[in-house]
Each structure stands twice: as C-alpha cells, then as structure tokens.
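Secondary and tertiary structure notes
Next come the chains, spelled out residue by residue.
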Amino acid sequence: MMLDISTLSSPAFPAPSEADEVQALSAIYGDEWCVIDEEAHIFCIRISDQTDKPKWTLSLQIHLPDDYPLHAPPQYQLNAPWLRGMERSRLEDKLSEIYCENLGEDLVYLWVEALRECLQNKAEENLRDLDDEADRGAKCQSSEADDADDGFDLSLLEGLVMSSLDDVGTECGQGEEVYECPKIFHGETLTDRRSTFQPHLAPVFYKEQVRLVIDKLLENKKIANATHNMVAYRIVRHDKGGPRVIQGCDDDGETHAGSRMLHLLQIVNAENVVVVVSRWYGGIQLGPDRFKHINNCTRTVLEQHGYLAHREEKKGPRSTKKGK
C-alpha cells in the first residue's frame, strides 16, 4: 500500500541513512526480521502478541523507496489469514496516522511497535470475550478474499483426504527411522507482480515425516514469514491387500490451493512425496493466476526430481524396508 502524501510537506533536514535503520531493525528484532530482497529494499517482519503462546500474528512486508524517509513512507503490505475488512482498515489508518505525525523520520520501528500493541490488545480482548464463531470465520480467509470463489471442484479429489496438517498424527509400531526428517529440495522462485512463489519437495513414507518436513522448513525465517505455505502430500503403501493411499493437503489461508496441488499429485500418480509451495504476497492481487503459478511450481519441482512421469512409469521412490 502507498500512502497519499501529495498534500503533505516534508521537514528540511537530512534524511537518516536507510542502511543504518535496517541494521538497527535487524539487531532489535533478530529472527523476526527477514530480508526478502536486499537489492530491491524489500524486508519483512513477523509480529505477534506478547502472550506465552501467541495466537495473533501478522507479517509486515515493506519496501523502502529511494526517497524514504524524507519524502515518502515505506510501501507496505499487512499479511495474515485472519486480517480482513474493518480490522485491516483500522490498522492501515493507524499506520497512516503515525506517518503523518512523524514526517521525515524512520517509521518502521514505530509501525512495528504500534502493530504489536494492537495485537496485544486483541489477545487481551479475546481472553475476556472469545467469539469462537467469528474466530473460525476469520482463520479461513485468504489474503485475496475478494476472489475466494475460485471454482475448484473438491469432488475431483480421489479418496479420503486430510484437509489440515493438524490431522497428521503418529503411526504406532514403526521404527525410529519414522522420526528422521528426509532431505528437502528447494525449487526455483517464480515472481509475478511482486508476488513470489517457491516450491519445496521431500520424499516421505510416513505421515509423521510430513510434519517434520514442515517444521524444518519453518526454521528458515524467510519461509516462516511467507504469506502462505501450501502443502500437499501423497503416500502409497503397497501391502498384500493392494495399494493403500495416505494423502492430505493444507491451504494455509489460500483457499483450495492445497487441494489443487493434491489433485495434481493424483493426476500424475506421484507416490511418497510432499510438496510445499511458499508464497510471499506482493500487495497486488493476482486473481486466478496465483493458482496457475502454484500448480506450475508444483509440477516443475515434481518433474525435476523424477516424480512426474507416465502413470505406469516411475512415480517416486519406494521404501525398500520389509514389512513397512
């Protein structure tokens, strides 16, 4: 978002060094601060309430223009699955107010702390009067809520599908190898109108490994700060009674994105693989094009690692262990 400053005047004093501000912010916020594109001056910070187990979080993505801070504020985007409507407008109005009160000064720290205070107030209000129905409705919103009806037919999915990673539990009676995180491969990034997409892939043979892969990816603060990390996995057990499929997906706030990814895994008959596509929202809505990019990322990373083949040919690695 870009504030309208056409009617505002700027004070006549030298602008602070952008590099100094970025260095200070990195020192203050540590792992919460993330460099998205240093050359383009794009940064991101994850902001949470101050409770022991933070519930309300959002991502502030900022672009520092060449004439910041003397003549222009940062361009920014607030990203959170629950953030929409009047709540988003109130936060944006708060940032505009801070800018107008601090013309020509470093703004990012002031913005971050103001947003943190708002999240803390929200957490306290939630403890006093938790509205479960409103909470469930907020969590399912995408950053492109105006395009929520994407026309994807869920009936296209084959078999029983776990719709959330919360369903990924523990399978009893398996060896210690179940708890080892497999090697993760990262695909090339794709950028369209400032939104960036990147796929990640790992071979998996057990449901537990899906969670291990997700947790390992989220150790990377850039991936953790993505607007959405969409997941699809498909595990095929070749038992005596015939193949048994364990599969699931998670949209992470991007409506039906995980379902589309899983549908692609089913179409190409990929076996024993999990794919994650990270998206960093750039502030411009892509409409249906975002699903095209997500599917292209999924297909490309599957092809690069030998999972994309004719249905009767190679479908991915199979476990060589007996009795698994």
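Refer to the structure above for everything that follows.
Attention here is on the structure that accompanies the text. Fair warning: this is a prediction, and the values are worked out from it, not measured in the lab.

1. Looking at the overall build of the protein
When helices and strands are counted, the protein shows eight helices and ten strands. Classification of the 324 residues of the protein by burial places 49% in the buried group. Contacts in the protein between residues at least 24 apart in sequence constitute 69% of all its contacts with a sequence separation of at least 6.

2. Here's the deal with a nonpolar patch on the surface
A cluster of nonpolar residues, Ile28, Tyr109 and Leu110, forms a patch on the protein surface that exposes about 270 Å² of accessible area. With respect to the helices and strands, Leu110 occurs in helix H3 (residues 108–128). Overall, the relative accessible area of 32% leaves Leu110 in the partly exposed class.

3. Some remarks on the environment of Ile267
On the secondary structure map, Ile267 appears in helix H7 (residues 257–267). Separated by 41 residues in the primary sequence, Ile267 and Leu308 place their C-alpha atoms 9.7 Å from one another.

4. Comments concerning the sheet that holds strand E4 (residues 75–79)
Ordered in space as E1-E2-E3-E4, the four strands form an open sheet in which the pairing is antiparallel. Both edges of this open sheet fall to strand E1 (33–37) and E4, since each of them pairs with a single strand only. Strand after strand, the sheet turns through a mean of 20° between neighbouring axes, direction not considered. Pairing geometry for E1 and strand E2 (residues 42–48), over four bridges, is antiparallel. Its bridge partner being in E2, Cys34 is matched across the sheet by Cys44. Here helix H1 (residues 18–29) sits on the sheet in contact with E1 and E2, set at roughly 135° to E1.

5. Some remarks on helix H5 (residues 207–218)
For an α-helix the count is 3.6 residues per turn, leaving residues at separations of three or four pointing the same way. In this model H5 runs 18 Å from its N-terminal to its C-terminal C-alpha over twelve residues, within 8% of the 16 Å that 1.5 Å per residue would give. The complete set of buried residues in H5 reads Lys207, Glu208, Gln209, Val210, Val213, Ile214 and Leu217. Against strand E5 (185–186), strand E7 (195–203), helix H6 (221–224), strand E8 (228–239), strand E9 (242–250) and strand E10 (273–280) lie the buried residues of H5.

6. Digging into the environment of Asp49
Residue placement: Asp49 occurs in the loop between E2 and strand E3 (57–63). Once the C-alpha coordinates of Asp49 and Gln120 are considered, the two residues, 71 residues apart in sequence, prove to be 4.5 Å apart. Here Asp49 is in contact with Pro54, Lys55, Trp56, Leu119, Gln120 and Ala123, once residues within four sequence places are set aside. A polar contact is formed between the side chain of Asp49 and the backbone nitrogen of Lys55, at a distance of 3.1 Å. Engagement of the side chain of Asp49 in a polar contact is seen with the backbone nitrogen of Trp56, the distance being 2.8 Å.

7. Comments concerning the side chain of Thr196
Looking at the element boundaries, Thr196 is found in strand E7. Of the polar contacts made by the side chain of Thr196, one reaches the side chain of Thr191; its length is 3.3 Å. Contacts of Thr196, omitting those with residues within four sequence positions, involve Thr189, Leu190, Thr191, Ser278, Arg279 and Trp280.

8. Examining unusual backbone geometry
Within the chain, Arg193 stands out as a residue other than glycine whose phi angle is a positive 50°. Tracing the backbone shows Arg193 in the loop between strand E6 (190–192) and E7. With relative accessibility at 36%, the residue Arg193 sits in the partly exposed group. With phi around 50°, Asp252 is a residue other than glycine that occupies positive phi space.

9. Thoughts on the nonpolar core
Counting residues in each nonpolar core, the largest one holds 31 residues, and the members touching the most others are Trp33, Leu58, Leu60 and Leu78. Among the elements that line this core, the one with the most residues is H3, at seven residues. Not counting the four nearest positions on each side in its chain, Leu78 is found in contact with Leu58, Ser59, Leu60, Leu83, Arg88, Leu91, Glu92, Leu95 and Leu115. Ala232, Leu262, Leu264 and Leu286 belong to the second-largest nonpolar core, a separate cluster that totals 22 residues.

Rules used in this analysis
- Residues numbered from 1 in each chain as written.
- Predicted model: local features only at pLDDT ≥ 70, side-chain atom pairs only at ≥ 80, totals over all residues.
- Heavy atoms only, no water.
- Helix = DSSP H or I, 4+ residues; strand = E, 2+ residues; numbered from the N terminus.
- Buried < 20%, exposed > 50% of the residue type's maximum accessible area, 1.4 Å probe, protein only.
- Contact = heavy atoms within 4.5 Å.
- Patch = residues over 30% accessible without salt bridge, like charges linked within 9 Å, V, L, I, M, F, W, Y side chains within 5 Å.
- Areas by Shrake-Rupley, 256 points an atom, 1.4 Å probe, with all protein chains shown as cover.
- Salt bridge = Lys/Arg side-chain N within 4 Å of Asp/Glu carboxyl O.
- Pairing = 2+ DSSP bridges.
- Axes fitted to C-alpha atoms, helices over the stretch in contact; angles between N-to-C directions.
- Expected span 1.5 Å × (residues − 1).
- Polar contact = N/O pair within 3.5 Å; in protein donor to acceptor, adjacent residues only side chain to side chain.
- Core = buried A, V, L, I, M, F, W, Y, C linked by side-chain atoms within 4.5 Å.

Structural measurements only, silent on function.
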